[in-house]
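# Close look at the chain arrangement
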Amino acid sequence: MEKHVVVIYPHPDDEAFGAAGTIAQFRAEGVPVTYLCGTLGEMGRNMGAPPFANRESLPMIRKQELQNACNVLDIDLKMLGYRDKTLEFEDRQEIAKRLKTMLEEIKPSLVITHYPGHAVHPDHNALGAAAVEAVGLMDPSIRPTVWAQAITNSFMEDLGKPDIINDISPYFEKKMDTIKAHKSQADGILGNFKKANKLAKDVQDAAKQRLGIERFYIWEF
Amino acid sequence: MKPIDIENAQQMLESFINKEVYVHVETTNGAYASHFNEKAYNVGVFVRNAKVTFSQAKIVRDGNVYRAGLKMPMGWIYAEGLTDWEIYEYDKLLLAGHDREGRLMVAMQISETPFDY
Ligand SMILES: [Zn+2]
């Protein structure tokens, strides 16, 4: 059993869409989970449907949504305070060193993050790279396992079969509740899944197909 | 935000003329454009808290959308595809263009104090 799991993603809602089922499973087993969330998703395009946010009010709204989502999952939250869409322009070494310090304090047995270079959004790739680097800098005797999540359309062809293929059906409802906690983002993004998957009967169906399994690669150092 | 009210938006724009102001301009089609549609391009530009002055400011209607342009001593700033506006925190003018799904595509914002965070 894991001792403590740290999730490192850049945006409020990455934890929901990417790993909420896996997180819920760890919580059900009594494993503490801490989310290190890189930004407040300040640059999000979704403003709610119908829109209720604007560019200036969005950060505080998303901060509250993030806190709500972490309450749904019953996990600890630490916000890193970077700005959405700028992570790749920061000094990666600096971010890695900061993450390393935090990890040495939390002492996780497992870190979940994005697979650098295979995670579509530049923030995902940049923070994933910094997280992998941070763990790599740790002393091997205390180094946690890293599960890296790839989300490109071609990740299976590019990286092969994921090491962890987690059917999260038992926690699907929890996952949807976590997604819905991100009110300003949920409808717009779920609608996108529906559009991208014309075979799906409805949004719930499209969500199940896209979100029912969470996949990770074990990073080799 | 509300659909642009051109008279009041014009008046608000003019209130910033010949003052040192902070401008936010942005266009985006999101980081996932080519993820959901391989034929799409990801494009965007983002400038936050550029300190400028302008001597002329105009908002122009074109069908259901608007363009706004600011004439500076040494150049111009303009935005196209604006649909909505809001006066935010009393003195900040927010102009934005949203798509059918209510997602932000373009923004131009002006304030006498820096936009925070
Ligand atoms: Zn994200």
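Everything in this summary refers to the structure shown in the same document. All values reported here derive from a predicted model rather than from experimental measurement.

What follows covers the interface of chain B and chain A. At the interface, 25 residues of chain B touch 25 residues of chain A. Interface of chain B and chain A: buried area, both sides summed, is about 2300 Å²; carbon and sulfur atoms make up 54% of it. Taken as a group, His35(B), Arg103(B) and Tyr117(B) account for 30% of the area that chain B buries against chain A, more than any other trio of residues on that side. On inspection of chain B and its partner chain A, the count reaches two salt bridges. Among the ionic pairs, Glu26(B) bridges to Arg55(A), the shortest N-O distance being 2.6 Å.

With that out of the way, let us pick up the coordination of the zinc ion. Coordination angles at a metal have ideal targets, namely 109.5 degrees for four tetrahedral donors and 90 or 180 degrees for six octahedral donors. All names here are of chain A. For the zinc ion, every protein donor is listed as His11 (ND1), Asp14 (OD), Asp14 (OD) and His124 (NE2), and the spread of their distances is 2.0 to 2.7 Å. Every donor counted, the four donor atoms about the zinc ion form angles of 53 to 125° at the centre, which fits irregular coordination. Look at where the donors of the zinc ion fall in the sequence and you get H-x2-D-x109-H. A single burial state applies to His11 and to Asp14, both of which are buried.

Time to look at the packing of aromatic side chains. All chains considered together, the criterion is met by seven aromatic pairs over all chains. Their ring planes at 50° and their centres at 6.4 Å tell us that Tyr32(B) and Phe36(B) sit as a pair that is tilted. Judged by its relative accessible area of 28%, Tyr32(B) falls in the partly exposed class. Put simply, the rings of Tyr115(A), Phe155(A), Tyr217(A) and Trp219(A) pair up and form one aromatic cluster. Between the NZ or CZ atom of Arg143(A) and the centre of the ring of Phe221(A), over which it lies, the distance is 5.1 Å.

Here we come to the sheet that holds strand β6 (residues 75–82) of chain B. Residues and elements named next belong to chain B. Pairing in this open sheet of three strands is antiparallel, and the strands run β4-β5-β6 from one edge to the other. Of all strands in the sheet, those bounded by a partner on one side alone are β4 (56–62) and β6. Ignoring strand direction, the axes of neighbouring strands in this sheet form an average angle of 15°. Pairing analysis gives seven bridges linking strand β5 (residues 65–72) to β6, with the strands arranged antiparallel. Directly across from Lys71, in β6, lies its bridge partner Trp76.

Attention now goes to the sheet that holds strand β2 (residues 33–37) of chain A. Residue and element names in this part refer to chain A. Within the open sheet, the seven strands sit side by side as β3-β2-β1-β4-β5-β7-β6. Their pairing is mixed. Strands at the two margins of the open sheet, each flanked by one partner only, are β3 (76–79) and β6 (164–167). Across the sheet, the axes of successive neighbouring strands diverge by a mean angle of 25°, strand direction being ignored. The pairing of strand β4 (residues 110–114) with strand β5 (residues 145–149) spans five bridges and is parallel. Residue pairing for β5: Thr113 is matched across the bridge by Ala148. Lying on the sheet, helix α2 (residues 58–73) is in contact with β2 and β3; it crosses β3 at an angle near 155°.

Residues and elements named next belong to chain A. If you walk through the whole model with that rule in mind, you get 13 salt bridges over all chains. The salt bridge involving Lys100 is made with Glu104; its shortest N-O contact spans 3.2 Å. On the criterion of helical spacing, the pair formed by Lys100 and Glu104 is a turn pair, its members being four residues apart in helix α3 (residues 92–106). Taking the relative accessible area as the measure of exposure, Lys100 reaches 23% and is therefore partly exposed. By relative accessible area, Glu104 is classed as partly exposed at 31%. For Lys175, the salt bridge goes to Glu214, with nearest N and O atoms at 2.7 Å. On the criterion of sequence distance, the pair formed by Lys175 in helix α6 (residues 172–181) and Glu214 in strand β7 (residues 213–218) is long-range, its members being 39 residues apart. Both residues of the pair, Lys175 and Glu214, count as buried.

Cut-offs and rules
Residues numbered from 1 in each chain as written. Chains lettered and ligands numbered in written order. Predicted model: local features only at pLDDT ≥ 70, side-chain atom pairs only at ≥ 80, totals over all residues. Heavy atoms only, no water. Contact = heavy atoms within 4.5 Å. Buried area = accessible area lost by both parts, 1.4 Å probe. Salt bridge = Lys/Arg side-chain N within 4 Å of Asp/Glu carboxyl O. Donors = N, O, S within 2.8 Å, 3.2 Å for Na, K, Ca; no water. Tetrahedral: all angles 85-135°; square planar, octahedral: opposite > 155°, others 65-115°. Buried < 20%, exposed > 50% of the residue type's maximum accessible area, 1.4 Å probe, protein only. Phe/Tyr/Trp six-rings, centres within 6.5 Å; stacked < 30°, edge-to-face > 60°. Lys NZ or Arg CZ within 6 Å of the ring centre and 35° of its normal. Pairing = 2+ DSSP bridges. Helix = DSSP H or I, 4+ residues; strand = E, 2+ residues; numbered from the N terminus. Axes fitted to C-alpha atoms, helices over the stretch in contact; angles between N-to-C directions.

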